[in-house]
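Letter by letter, the chains look like this.
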Amino acid sequence: MTEFVGRTAVVTGAGGGMGLAIALHLATQGASVVAVDLKDPPSGLPDGVCYLRGDVTDPGLAPAAVEEAARRSPDGAIDMLVNAAGVAWFTEPGLAPPPFPDGSIVDLEPETWRRVLDINLTGPMLFARAALPVMRDHGRGALVHIASIAGLRTADGPLDAYQVSKAGLISLSRAIAARYGPNGIRSNTVCPGAILTPMIAGIYEHDPSRATSMAARVPLRRVGSPGDVCAAVSYLLSDAASFVTGTDLVVDGGWLTNLG
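Each chain has its residues counted from 1, running along the sequence as written. pLDDT decides what is reported in this predicted model: residues at 70 or higher carry local features, side-chain atom pairs at 80 or more are listed and counted, and totals for whole chains, interfaces and linings draw on all residues regardless. Just so you know, side-chain values use all the structure's heavy atoms and leave hydrogens and water out.

Q: Tell me about a nonpolar patch on the surface, and please be specific about residues and values.
A: Candidates for patches are residues over 30% relative accessible area with no salt bridge; among them, like charges are joined within 9 Å and nonpolar side chains (Val, Leu, Ile, Met, Phe, Trp, Tyr) within 5 Å. Calculation of accessible area relied on Shrake-Rupley with a 1.4 Å probe; when residues are assessed, cover is drawn exclusively from the protein chains displayed. Any carboxyl oxygen of Asp or Glu that lies within 4 Å of a side-chain nitrogen of Lys or Arg is treated as forming a salt bridge with it. A surface patch of nonpolar side chains, about 390 Å² in accessible area, is lined by Ile 105, Val 106, Trp 113 and Val 164. In this structure, Ile 105 sits in the loop between strand E4 (80–83) and helix H3 (110–138). Numbering goes from the N terminus for both helices and strands, where a helix is a DSSP run of H or I of at least four residues and a strand is a run of E of at least two.

Pasting the structure below:
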């Protein structure tokens, strides 16, 4: 398929999990993709993907990624931005201890609060700040930000820095949609529920009953995959969603309907 031929995209968090799935899908659909992550580049990236290694909180990284995407565009535009970089630093059996454990604001360290908000909210702001002027000048663009159902409700356990960062990302997306809609620019979020990514795979490997228990809480009776999120992102970036902006697409198998 060639849905995004001739279009350019910047995808953060593309070193693995949902971000990598999104970057590979867009490239498969014909887009020229600038993939960004702090991790080493994954093996086997296709020719249509340029990988930039760096920290999304580095003020110089976003302009460099946008400049590279514009250089690859036939008319110097950047058509798509996907903010998929994010962290959730919870402590669980089967996982390595996080560098800055999240939790209740009474218990977490101020450095945890700062670092989680820097990565999950300030990073997307920096990339949107770099991309929006180029999109505005060309009269088109679509942004999708990977938030969470925790940003719409609450986290399952106390992850206050994560929850607040995702609620802030949802609000940021809506602000962009309202301000830049007249310039032909759309901004939406995808709010995943339980998705099997490398971030949580260790939990289920350590205790397979956790996966069974989680699936039982979801009306569709399964845990989601990066592909489920990727499909939602692809829709919101596509022309099929040309009249969709300022919204939050929940991808959780119905889990949110069971949360009081």
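Q: For the state of the cysteines, give the residues involved together with the corresponding values.
A: In this description, the term disulfide denotes a pair of cysteine sulfurs within 2.5 Å. Here the structure, examined in full by the defined rule, presents zero disulfides. We note that Cys 50 lacks a disulfide partner, and the nearest cysteine sulfur, in Cys 230, lies 19 Å from it. There is no disulfide at Cys 230, and the cysteine sulfur nearest it, in Cys 191, is 16 Å away.

Q: A description of the nonpolar core should follow, citing residues and the corresponding values.
A: One finds Val 10, Ile 78, Leu 81, Phe 127 and Leu 143 to be the most contacted residues of the largest nonpolar core, which totals 31 residues. Elements with a contribution of two residues or more to this core: strand E2 (32–37), helix H2 (61–72), H3 and helix H4 (160–180). It is H3 that provides the largest number of residues to this core, a total of 11 residues. We call two residues in contact when some of their heavy atoms are within 4.5 Å. If near-sequence neighbours (up to four positions away) are discounted, Leu 143 is found in contact with Leu 81, Ala 128, Leu 132, Met 135, Ile 176, Ile 185, Arg 186, Ser 187 and Asn 188. Among the nonpolar cores identified, the runner-up in size contains 28 residues, and Ile 22, Leu 26, Ala 142 and Leu 236 belong to it. Definition of nonpolar core: a set of buried residues of the types Ala, Val, Leu, Ile, Met, Phe, Trp, Tyr and Cys, connected through side-chain atoms within 4.5 Å. Accessible area is worked out with a 1.4 Å probe on protein chains only. A residue is then buried under 20% of its type maximum, exposed over 50%, and partly exposed in between.

Q: Account for the sheet that holds E2, with residues named and values stated.
A: The seven strands are arranged E3-E2-E1-E4-E5-E6-E7 in an open sheet whose pairing can be described as parallel. Each edge of the sheet is formed by a strand with only one pairing partner; in this case those strands are strand E3 (49–53) and strand E7 (248–251). Across this sheet, the average inter-strand angle for adjacent strands is 15 degrees, counted without regard to direction. Relative to E2, strand E1 (residues 8–12) is paired through five bridges, and the arrangement is parallel. Note that in E2 the partner of Thr 12 across the bridge is Val 36. Think of each axis as a best-fit line through the C-alpha atoms, taken over the contacting stretch in the case of a helix, with angles from 0 to 180 degrees between the N-to-C directions. Sitting on the sheet, H4 is in contact with strand E5 (141–146), strand E6 (185–192) and E7, with an inclination near 160 degrees to E6. Seen against the sheet, helix H7 (residues 226–237) touches E4, E5, E6 and E7 and runs at an angle of roughly 165 degrees to E6. Between any two strands, pairing holds if DSSP finds at least two bridges.

From the geometry alone we can't say anything about function, so treat these as descriptive.
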